[in-house]
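Given next are the chains, with one letter for each unit.
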Amino acid sequence: MSDVTARADRRGLKLRDVRRLLEGVIPPSMCSVAADGMPHVNYLSHVEYVDDEHVALTYQFLNRARANVLATGRVAVSVEDPVTGVSVLLQLRYERTDTEGPVFERLRAKLAGIAAQTGMERVFLLRGADVYRVESLRKLDPACPLPALQPRCDLAAGVRALSERLSEAPDLHGLLQAFIDGLRHELRIGHAIVWLLDERRQGLYTLASLGYEQAGSGSELPLAEAGLAGVALRENVPIRIGHMSQMYRYGLSWRTRAEQLGLQAAMADTIPLPGLATPCSQLAVPLRARGRAVGVLLVESERDQFFGYDDEDALAAVGAQLAQGLAALGAQELEAVPAVPAAPAASAAAGEVLRVRHYPRDHSVFVNDQYLIKGVAGAIIAKLVRDQIDTGRQGFSTRELRLAGDDLRLPEVQDNLGVRLLLLERRLAERDVGLRIERSGRGQYRLVARGPLRLVVEGPG
């Protein structure tokens, strides 16, 4: 047991117990001392919890406090409970300054959100994250209690219930539905997006969402525009801020600019992104499976400080289970399956002709002039339509698609084919363009058309 843990245990107060006081609702104060003993006090935006023995403070200015830290290596920080006013004093010893990495990125994201509240975005420039060891912590008035806030739900019980939902999911569709339902009912989260990573295109695409007017299945977002979600994915750490800034809102800055330039026509082949217009709180949690990035979960709220440290822990746990489930169940779709005779396509003469336009350059697909999807999912639907026209059969298998990987531009590693089929199934259901994908067995599907199909290929591949 470390010295700080031992001292904290004797007083019954641990750094983890005061995490919510570090958020900066009441600005923390820091006292540093020069080499000649002259004290200096200044206010901080917030204190960043790193682990049970370390915190980080922002290094923004070359000022007296910074000189004192480098001279003596010790500071005292006072944080206050915004509910009861109880003050806790932390004695810190300076260890290092990070100018990149997860701690630095978390601090930069949070600082940007706080700066936006005060119109100081051009002034609050983060130079580094000063990491300190917590040597001791104590309440300034030992007689005053430090009560825990009433949570919106029992997160531990919610995680357990959601974990049970996920473990019982029989397939990818059931897994994703269990996760979305669990966020809503077990963890009381009203807005969420599950994004998957497209390594080849260096972007994210929406697999599912919760609580938005536009579900946005299949919508794409370049990693460079992904804000908080992109940083969390890149640094492989959850990132949470309670005051949003424009810099860290994933979203449609590029779309707004295109509208200003009168380029609406160029946006016809995009799927609207789900999301709140003015989120006040966001929490992004990376999704990883088998040592690789799978995607990212983003939850948000229109209320400030809606998510706390316990939400980070809870969503990291269930997010890991979701990522593992996506990988495992997706792999099952590619296992050997018994050959199933292909059923001929049902007569479509009575229906309206479905004119499918395919642009091989980026695999954009339109159905009767309505944009459907692009990328790998677009390549898949174009192949299925072509095969049905050529052979008259509706059925296909994931193994068959995997063998056509080069034509579909599937990546050699982690193609997530089963997940992409699930995405395509959801997108077709949302758009209701006369096509749907039905599962007929493990690794076996059917493309069902409401009318006769006609495929038009536009331009070179």
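Attention now moves to the sheet that holds strand E16 (residues 370-373). Strand order in the open sheet formed by 4 strands is E16-E15-E14-E20, and the pairing between neighbours is mixed. At either margin of the open sheet sits one strand with a lone partner, and together these are E16 and strand E20 (453-457). The sheet shows a mean angle of 30° between the axes of neighbouring strands, taken without regard to direction. The sheet contact formed by strand E14 (residues 354-359) and strand E15 (residues 364-367) spans 4 bridges and is antiparallel. Bridge pairing in E15 places Val356 opposite Val367. This element, helix H9 (residues 375-391), spans E14, E15, E16 and E20 of the sheet and lies at about 125° to E20.

Helix H6 (residues 227-235) sits mainly inside the fold: 8 of its 9 residues count as buried. Gly227, Leu228, Ala229, Gly230, Val231, Ala232, Leu233 and Glu235 are the residues of H6 that are buried. In the segment just after H6, Asn236 is the residue with positive phi, at about 60°.

A separate point is the nonpolar core. Phe179, Leu183, Leu297, Leu315, Leu326, Ile381 and Leu435 are the most contacted members of the largest nonpolar core, which totals 66 residues. Considering every element that reaches this core, the biggest residue donor is helix H8 (residues 309-332), with 8 residues. Contact partners of Phe179, with chain neighbours within four places excluded, come to Leu162, Leu166, Val194, Leu297, Val318, Gly319 and Leu322.

A separate point is the pairing of E15. In regular strands, side chains alternate between the two faces of the sheet. Side chains of E15 alternate between two faces, with Ser364 and Phe366 and Val365 and Val367 buried alike. Two successive antiparallel strands, E14 and E15, enclose a turn made up of 4 residues, where His363 displays a positive phi of approximately 60°. Relative to E16, E15 is paired through 3 bridges, and the arrangement is antiparallel. The residue bridging Val367 from the neighbouring strand is Gln370, located in E16.

Attention now moves to the packing of helix H5 (residues 172-185) against helix H12 (residues 417-431). Relative orientation of the contacting elements H5 and H12 amounts to 70°, with a least axis distance of 10 Å. By the angle class used here, H5 and H12 are roughly perpendicular. H12 is crossed by H5, and the crossing has right-handed handedness. Residues Leu172, His173, Leu176 and Gln177 of H5 lie in contact with H12, whose contacting residues are Gly418, Val419, Leu422, Glu425 and Arg426. When grouped by side-chain class, the residues that make up the contact of H5 with H12 number 4 nonpolar, 3 polar and 2 charged.

A few words on the packing of aromatic side chains. Aromatic rings considered in pairs are described by the distance between their centres and by the relative angle of their planes. This model, assessed by the stated rule, comprises 6 aromatic pairs. A centroid spacing of 5.6 Å and a plane angle of 70° characterise the contact between Tyr49 and Tyr309, whose relative ring orientation is edge-to-face. Of this pair, Tyr49 sits in strand E3 (residues 48-51) while Tyr309 is found in helix H8, placing the two residues 260 residues apart along the sequence. An identical accessibility class is assigned to Tyr49 and Tyr309; each is buried. Plain terms: the ring middles of Phe306 and Phe307 are 4.9 Å apart, the flat faces sit at 90° to each other, and that makes the pair edge-to-face. Relative accessible area serves as the criterion here: at 18%, Phe306 is assigned to the buried category.

With that out of the way, let us pick up the pattern of salt bridges. Proximity of charged atoms lets side chains of opposite charge pair with each other. Overall, the coordinates contain 29 salt bridges when judged by the stated rule. Between Asp81 and Arg20 there is a salt bridge whose closest N-O contact spans 2.8 Å. You can see Asp81 sitting in the loop between strand E5 (74-80) and strand E6 (87-98) and its partner Arg20 sitting in the loop between helix H1 (3-11) and strand E1 (29-33), a full 61 residues away along the chain. One salt bridge in this structure joins Asp311 and Arg152, with 2.5 Å as the shortest N-O distance.

Analysis parameters
Residues numbered from 1 in each chain as written. Predicted model: local features only at pLDDT ≥ 70, side-chain atom pairs only at ≥ 80, totals over all residues. Heavy atoms only, no water. Pairing = 2+ DSSP bridges. Helix = DSSP H or I, 4+ residues; strand = E, 2+ residues; numbered from the N terminus. Axes fitted to C-alpha atoms, helices over the stretch in contact; angles between N-to-C directions. Contact = heavy atoms within 4.5 Å. Buried < 20%, exposed > 50% of the residue type's maximum accessible area, 1.4 Å probe, protein only. Core = buried A, V, L, I, M, F, W, Y, C linked by side-chain atoms within 4.5 Å. Parallel < 35°, antiparallel > 145°, perpendicular 65-115°, else oblique. Left-handed = near helix turned anticlockwise from the far one by under 90°. Nonpolar A, V, L, I, M, F, W, Y, C, P; charged D, E, K, R; others polar. Phe/Tyr/Trp six-rings, centres within 6.5 Å; stacked < 30°, edge-to-face > 60°. Salt bridge = Lys/Arg side-chain N within 4 Å of Asp/Glu carboxyl O.

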